[in-house]
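Structural description and commentary
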Amino acid sequence: MPARLPLDDLRSAMEQASGATATVSDRGPFVRVSVPMPNTPEGYEALLAVVQHAAAWGSTDGTGELRLWASVIRGRQS
């Protein structure tokens, strides 16, 4: 299992992998970081390698835009 990333490192790594600004949102016991889904297979692979270091991750199109998200547990920041 990959080592968990602290919130600031996760946000920074997701921004670098996606080439987009991350959105950070409060989800109660979790903090969620999300970015738009990359348009290239290489971008997606780079982002997938990052989110595997989060407590949980997934994707959503609930905003009308496909986004990849990752969460850290509040308090532990990892």
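Residues numbered from 1 in each chain as written. Predicted model: local features only at pLDDT ≥ 70, side-chain atom pairs only at ≥ 80, totals over all residues. Heavy atoms only, no water.

For strand S4 (residues 67–73), the buried fraction is high: six of the seven residues fall into the buried class. With five bridges joining them, strand S3 (residues 56–60) and S4 adopt antiparallel strand pairing. Counterpart to Ala56 in the pairing with S4 is Ser71. The turn joining S3 and S4, which pair antiparallel and follow one another in sequence, is formed by six residues; a positive phi near 90° is taken by Gly64. (Buried < 20%, exposed > 50% of the residue type's maximum accessible area, 1.4 Å probe, protein only. Helix = DSSP H or I, 4+ residues; strand = E, 2+ residues; numbered from the N terminus. Pairing = 2+ DSSP bridges.)

Read from one edge to the other, the open sheet built from four strands follows the order S1-S2-S4-S3, with strand pairing classed as antiparallel. Across the chains shown, the open sheet's two edge strands, defined by having one partner strand only, are strand S1 (23–27) and S3. Taking each pair of neighbouring strands and ignoring which way they run, the sheet shows an average axis angle of 25°. With respect to the sheet, helix H1 (residues 7–18) is in contact with S1, strand S2 (30–36) and S4, its orientation differing from that of S2 by roughly 10°. (Axes fitted to C-alpha atoms, helices over the stretch in contact; angles between N-to-C directions. Contact = heavy atoms within 4.5 Å.)

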